[in-house]
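Here is what each chain is made of, one letter per residue.
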Amino acid sequence: MDDSLALLISDNELKQKVEEMGRKINHFYAGQDVDELVIIGILRGSFIFMADLVRQLSLPLELDFMDVSSYGKSSVTTGMVRILKDISEDITNKHVLLVEDIVDSGLTLKYLSKILWSRSPRSLRICTLLNKPSRRQVELEPDFCGFLVPDEFIVGYGLDFAGKYRELPYLAILKQKEQP
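Residues numbered from 1 in each chain as written. Predicted model: local features only at pLDDT ≥ 70, side-chain atom pairs only at ≥ 80, totals over all residues. Heavy atoms only, no water.

Would you mind going over the overall build of the protein chain with me for this structure?
Per the secondary structure count, the protein chain includes three helices and nine strands. Against the globule reference of 16 Å for 180 residues, the protein chain gives a C-alpha radius of gyration of 16 Å, in line with a compact fold. Here the C-alpha coordinates of the protein chain stretch approximately 60 × 35 × 25 Å along the principal axes. Each of the 180 residues in the protein chain was classed as buried or not, and the buried ones make up 48%. Counting only contacts in the protein chain whose residues sit at least 6 apart along the sequence, the fraction spanning at least 24 positions is 67%. (Helix = DSSP H or I, 4+ residues; strand = E, 2+ residues; numbered from the N terminus. Rg over C-alpha atoms; globule rule 2.2 N^0.38 Å. Buried < 20%, exposed > 50% of the residue type's maximum accessible area, 1.4 Å probe, protein only. Contact = heavy atoms within 4.5 Å.)

Right under this line is the structure:
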């Protein structure tokens, strides 16, 4: 199998959007009595986006991570979510911002939201760089969203296919070609 990439969103467009999202998040939490915002990144895809995003925030914050799997080595979600690493911090009565790279079917975030709400946060909001509503299987809308994207498999800027392409500084559509 030979892969080819088609540019979807440039590194400059990403930088501008992350700055804009940071301003929106700062504005949203201003005056909400936020002693500390717990930001939970969903590994591994969100780590680059999350690192860039938190540098735009002017709020006291704490970082944590969850590692979940729903794709394996496929480009199609299995529909089953497995938690590989849970958060370390107690989120009871804290404002929580869940940071994801892409909302596709919505199954993973719906599942994680249910788990996190059971831990009694003061609030729980979802922030995603990419939103693909055409693939949604459950009712779920992110509170903060960077880009609406087409129903294509996207790689780069932390997003991967079978562990490849995370290092790209831009986002691209992955096209797979069969070898003759």
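Any chance you could explain the side chain of Asp104 here in plain terms?
Here Asp104 is to be found in the loop between strand E5 (95-103) and helix H3 (107-117). At 3.1 Å, the side chain of Asp104 and the side chain of Arg135 are in polar contact. (Polar contact = N/O pair within 3.5 Å; in protein donor to acceptor, adjacent residues only side chain to side chain.)

Teacher, can you tell me more about unusual backbone geometry here?
With the exception of glycine, most residues fall at negative phi, and the peptide bonds are largely trans. Of the consecutive residues Leu43 and Arg44, the connecting peptide bond is found in the cis state with omega at 0°. By secondary structure assignment, the location of Arg44 is in the loop between strand E2 (37-43) and helix H2 (47-54). Even without being glycine, Asp33 reaches a positive phi, approximately 55°. The exposure class assigned to Asp33 is exposed, which follows from its relative accessible area of 53%. Backbone geometry places Ser120, a non-glycine residue, at a positive phi of 60°. Here Ser120 shows up in the loop between H3 and strand E6 (123-131). By relative accessible area, which is 45% here, Ser120 ends up partly exposed.

How do you make sense of the environment of Leu14 when you look at a structure like this?
Inspection of the secondary structure puts Leu14 in helix H1 (residues 11-29). Overall, the relative accessible area of 1% leaves Leu14 in the buried class. Placed 85 residues apart in sequence, Leu14 and Val99 show a C-alpha to C-alpha distance of 15 Å.

I would appreciate a short explanation of the sheet that holds strand E7 (residues 144-148) in the present structure.
The strands that make up a sheet pair up through hydrogen bonds in the backbone, lying either parallel or antiparallel. Ordered in space as E4-E3-E2-E5-E6-E7, the six strands form an open sheet in which the pairing is mixed. The open sheet has two free edges, formed respectively by strand E4 (82-85) and E7, since each of these has just one partner strand. Sheet twist, expressed as the average angle between the axes of neighbouring strands with direction ignored, equals 25°. As defined by bridge partners, E2 adjoins strand E3 (residues 61-69) across seven bridges and the pair is classed as parallel. Along E3, the bridge assignment pairs Val38 with Glu62. (Pairing = 2+ DSSP bridges. Axes fitted to C-alpha atoms, helices over the stretch in contact; angles between N-to-C directions.)

What should I look at first to understand the packing of aromatic side chains in this one?
Any two aromatic rings considered together are summarised by their centre-to-centre distance and by the angle between their planes. Counting across every chain of the model gives three aromatic pairs. Between the aromatic rings of Phe28 and Phe144, the centroid separation amounts to 5.4 Å while the plane-to-plane angle is 85°, which identifies the pairing as edge-to-face. Placement of Phe28 in helix H1 and of Phe144 in strand E7 is noted, with a sequence separation of 116 residues between them. With 5.7 Å between their ring centres and 80° between their planes, Phe153 and Phe161 make a pair best called edge-to-face. (Phe/Tyr/Trp six-rings, centres within 6.5 Å; stacked < 30°, edge-to-face > 60°.)

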